[in-house]
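Fold and contact review
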Amino acid sequence: MSEGAGRGPVGTPADHEVEVPAELRAEIEEIISRYPQKRSASIPALFAVQRRYGWCTPEGIRQAAAVMGVSAPYLESVASFYDLFHLEPAGRHRILVCTNISCWMRGGDQLLDAFCEATGADREAAGHGGALSADGEIHVSGFECLGACDLAPMASIDERYYGPLEDADAAAVVDALRSGAEVLPDREMAKRPLAGGPDGDPDPRVAGSG
Amino acid sequence: MPESLETRVLFRHIDEPGLCRLETYERYGGYTALKRAFRDCEPGELVSEFEASGLRGRGGAGFSMGKKASFLPHGDMAKYLCCNADESEPGTFKDRELMLKNPHGLVEGVAIGAMAAGATRAFIYIRGEYAEIADRLDAAVAEAYDAGYLGEDVLGTKVDVDIVVHRGAGAYICGEETALLDSLEGKRGNPRLKPPFPAIQGLYDGPTLINNVETLMNLPNVVNNGPDWFKGFGTEQSTGTKVVSVSGCVRRPGNYEIELGIPSRDIIYGLAGGPPEGRELKAWYPGGSSSPVLGPEELDLPYSFEALAEAGSMLGSGAIIVADDTVSIPEMALRTARFYRHESCGKCTPCREGTNWTVKMLERVVRGEATPMDLDIIASVQENIIGHCLCVLGDAMAMPVSSMVRRWRHEFEETIARAREVAPAPLEPGPAAVVSGAGA
């Protein structure tokens, strides 16, 4: 079979061979338009697939590849490089518990234990990539530094940061996720003021500046 | 009221409600620097001002921002600016606070940096975990387009600047500037061989300026007040203020903006409150998890690029992690090494294998299966990583780990001895043992 006009590298699904849902196609085409080269859309297109299907399904990857004009294995190789992409079912809710240096010093490992206990996720697997709760709804993973050591120990819950958390909070978080209630509103990172408190009198050099 | 140890320039007004919206940002003088830069300045003039200010990169390497910008060739080719917002160095969370609370401050800094570099397209590469912050940046970028601060013909000056917020997807290595470029081009985030340097051949093979969030957020202040004003803060070689992230065993972890050159003790004790009641500081990383670890003896060092380098460590990303006397140094070394093993992209052998074997040996130390000779092997592995890879990820493990083994060797030896006493674990079984075990 010869390479048709506009056909990408070997393995690139031709557009007509793959049925792509209209919204997904429109979303990926909009993403492609932001960049000088269409391949730059790889990561945002994979996020679009993951939002739609809950994880990067083989069919979803094929659909994105068809719209982008790249091969599906290429896109899968990109997905496999990054920790936030799931190449297996990953539930409806994601809990990332930081176990890096500063959180470890303040109880990050125990917090991960508590989340595993509250969800029934396998602790060993959660510490090595992630594990699903018994009902398949909640994905728990021990994660590298999330950039919130001031909240230690902390977790990212459905893409929002919360901390500092106590082990007992894990059960409350899981209950809230299951019932659709708001998760620990008083522990949201976004609401924290500066550690040093409100502005005092500005330095004279700053006061006179533009 | 005692004089504050903080000097808030970037942090001034940052907790004002609504600062993330254009209207409020403008009320505090936002976008005046952009107007001045675009209307009244030539790109070369701006680059000279940045160089004269002494502003050094706030992401880790500490290279002169203006000098880096001056390396880009002149001419009409497509040039790019990439803002490195992939903040992933353990212990570092300064850009998070800056971007979340003042996204327009970054948008203005990126636009000014792009204009100075002659770049019409700019990208903010933000780590995927910072999803809520990326949303805020998207909203700020949209407001800036509507106000005419971005897009075609900015403020009628015939200069175009476009900004795209690009989310990463969880890979520490993408904070390395050439891996960031590959990732932004839609590939796996592997570092590139240098040279060519990104200033000559970067994103899409075009000349590219790559700067950290905090570096770019300083630009509006330099434009508004001039390089001499900026040099009025800090030391001769470390000008300006710095947002320092303090975490670990301290009473008030958080971000503090200080004038560069104040004693490190003032940051750790004066601002962050030092270790909890009854505990003593044992060790501290001065500039993120990849900086060689220091002890109590170095607490009076000025917090500046030059003083920390002279002491054999580095200011890095400006992240201080404090360990008190309850923390085991071998376990801290293991935790550090595990991170780099996980994040090694695997391209270069010394890093891929060196991080893996360092973790395995440190696990033996902690489990009591090591001998003191293993400590020499750990040290030699670190020596064989440093300088032998495309990027410095491997070095970033080797530097702190070797500093810990060297300085706290007695503690490693005690850990080995104690673990052997508690549970005299056998050495890992050799092939013979496995065979006989299988037959039993």
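What counts, and where the lines are drawn
- Residues numbered from 1 in each chain as written.
- Chains lettered and ligands numbered in written order.
- Predicted model: local features only at pLDDT ≥ 70, side-chain atom pairs only at ≥ 80, totals over all residues.
- Helix = DSSP H or I, 4+ residues; strand = E, 2+ residues; numbered from the N terminus.
- Rg over C-alpha atoms; globule rule 2.2 N^0.38 Å.
- Buried ≥ 20, exposed ≤ 12 C-beta atoms within 10 Å, placed from the backbone.
- Contact = placed C-beta atoms within 7 Å.
- Domains from an automatic or database assignment.
- Nonpolar A, V, L, I, M, F, W, Y, C, P; charged D, E, K, R; others polar.
- Arc of directions from axis to C-beta.
- Core = buried A, V, L, I, M, F, W, Y, C linked by C-beta atoms within 7 Å.
- Pairing = 2+ DSSP bridges.
- Axes fitted to C-alpha atoms, helices over the stretch in contact; angles between N-to-C directions.
- Expected span 1.5 Å × (residues − 1).

A word on the overall build of chain A
On a plain count of helices and strands, chain A comes out with 9 helices and 5 strands. Going from the N terminus to the C terminus, chain A shows its helices and strands as α-α-α-α-β-α-α-α-β-β-β-β-α-α. Relative to the 2.2 N^0.38 estimate, which gives 17 Å for 210 residues, the radius of gyration of chain A is 22 Å and therefore markedly larger than a compact globule would have. Along the first, second and third principal axes, the C-alpha set of chain A runs to 70 × 55 × 30 Å. Here chain A holds 210 residues, and the buried ones make up 49% of them. At a minimum sequence separation of 6, the contacts of chain A that also span at least 24 residues come to 56%.

Describing the domain arrangement of chain B
All names here are of chain B. Domain annotation for chain B reports domain 1 (22–231), domain 2 (241–324) and domain 3 (329–419). The straight-line distance from the C-alpha centre of domain 1 to that of domain 2 is 27 Å. Each side of the interface is counted separately: domain 1 has 14 residues, and domain 2 has 16 residues. A breakdown of the residues in the side of domain 1 that touches domain 2 according to their chemical character gives 3 nonpolar, 5 polar and 6 charged.

Digging into unusual backbone geometry
Residue and element names in this part refer to chain B. Note that the residue after Lys194, namely Pro195, is joined by a cis bond; omega there is -10 degrees. The residue Pro195 is located in the loop between helix H8 (177–184) and strand E4 (208–212) in this model. At Leu155, a residue that is not glycine, the phi angle is positive and equals roughly 50 degrees. Residue placement: Leu155 occurs in the loop between helix H7 (131–146) and strand E3 (162–167).

Overview of the interface of chain A and chain B
Between chain A and chain B, the residue contacts involve 47 residues of the former and 66 residues of the latter. Contributions of two or more residues to the side of chain A that touches chain B are made by helix H2 (42–53), helix H4 (72–79), helix H5 (101–105) and helix H9 (204–207) of chain A. Here the side of chain A that touches chain B is composed, by residue class, of 25 nonpolar, 12 polar and 10 charged.

Let's talk about the domain arrangement of chain A
Partitioning chain A into structural domains gives domain 1 (15–79) and domain 2 (93–191). Summarising the inter-unit geometry, the C-alpha centres of domain 1 of chain A and domain 2 of chain A are found 29 Å apart.

Overview of helix H3 (residues 43–53) of chain B
Residues and elements named next belong to chain B. What H3 keeps buried is the set Leu46, Val47, Glu49, Phe50 and Ser53. Seen end-on, H3 carries its buried residues on one side only, within an arc spanning 155 degrees. Buried-residue contacts for H3 involve helix H2 (32–40), helix H4 (65–70), helix H6 (103–117), helix H9 (213–225) and helix H10 (227–231). In the stretch just after H3, Gly54 is the one whose phi turns positive, near 75 degrees.

Some words on the nonpolar core
Formed by 196 residues in total, the largest nonpolar core has its most connected members in A:Leu46, A:Met154, B:Cys83, B:Val110, B:Ala111, B:Ile267 and B:Trp284. No other element matches H6(B), which puts 9 residues into this core. Leave out the neighbours within four places in its chain, and A:Met154 touches A:Cys98, A:Cys103, A:Leu146, A:Ala148, A:Tyr161, A:Tyr162, A:Gly163, A:Pro164 and A:Leu165.

Observations concerning the pairing of strand E1 (residues 93–98) of chain A
Within a regular strand, side chains alternate between the sheet's two faces. Residues and elements named next belong to chain A. Within E1, 5 of the 6 residues are buried, leaving the element largely enclosed by the surrounding structure. Note that E1 and strand E3 (residues 138–143) share 6 bridges and pair parallel. If you follow Leu96 over to E3, its bridge partner there is Ser141. Two strands pair when backbone bridges link them, and E1 and strand E4 (residues 155–157) are joined in this way by 3 bridges, in the antiparallel orientation. The residue bridging Leu96 from the neighbouring strand is Ser156, located in E4.

Concerning the pairing of strand E6 (residues 254–259) of chain B
Residue and element names in this part refer to chain B. The element E6 is extensively covered by neighbouring structure, given that 6 of its 6 residues are classed as buried. Side chains Gly254, Tyr256 and Ile258 of E6 all project onto a buried face; the interleaved residues Asn255, Glu257 and Glu259 project onto the opposite face, where all are buried too. Here strand E5 (residues 241–248) runs beside E6; their pairing, made up of 6 bridges, is antiparallel. Note that in E6 the partner of Thr241 across the bridge is Glu259.

Brief notes about the sheet that holds strand E7 (residues 281–285) of chain B
Residues and elements named next belong to chain B. The sheet built from 4 strands is open, its strands ordered E6-E5-E8-E7 with mixed pairing. Where the open sheet ends on each side, the last strands, each with one partner, are E6 and E7. Across the sheet, the axes of successive neighbouring strands diverge by a mean angle of 30 degrees, strand direction being ignored.

Description of the sheet that holds E1(A)
Residues and elements named next belong to chain A. Strand order in the open sheet formed by 5 strands is E2-E3-E1-E4-E5, and the pairing between neighbours is mixed. Each edge of the sheet is formed by a strand with only one pairing partner; in this case those strands are strand E2 (131–132) and strand E5 (160–162). Together, E1, E3 and E4 form the strand contacts of helix H6 (residues 108–119), whose direction differs from that of E1 by roughly 155 degrees.

Some thoughts on H2(A)
A rise of 1.5 Å per residue sets the reference length of H2(A), with its 12 residues, at 16 Å; its end C-alpha atoms lie 16 Å apart and thus fit the reference within 8%. For H2(A), the buried fraction is high: 9 of the 12 residues fall into the buried class. Of all the residues in H2(A), the buried ones are A:Ser42, A:Ile43, A:Pro44, A:Ala45, A:Leu46, A:Phe47, A:Ala48, A:Val49 and A:Gln50. For H2(A), the secondary structure elements touched by its buried residues are helix H1 (22–32), helix H3 (58–68) and H4 of chain A together with E3 of chain B.

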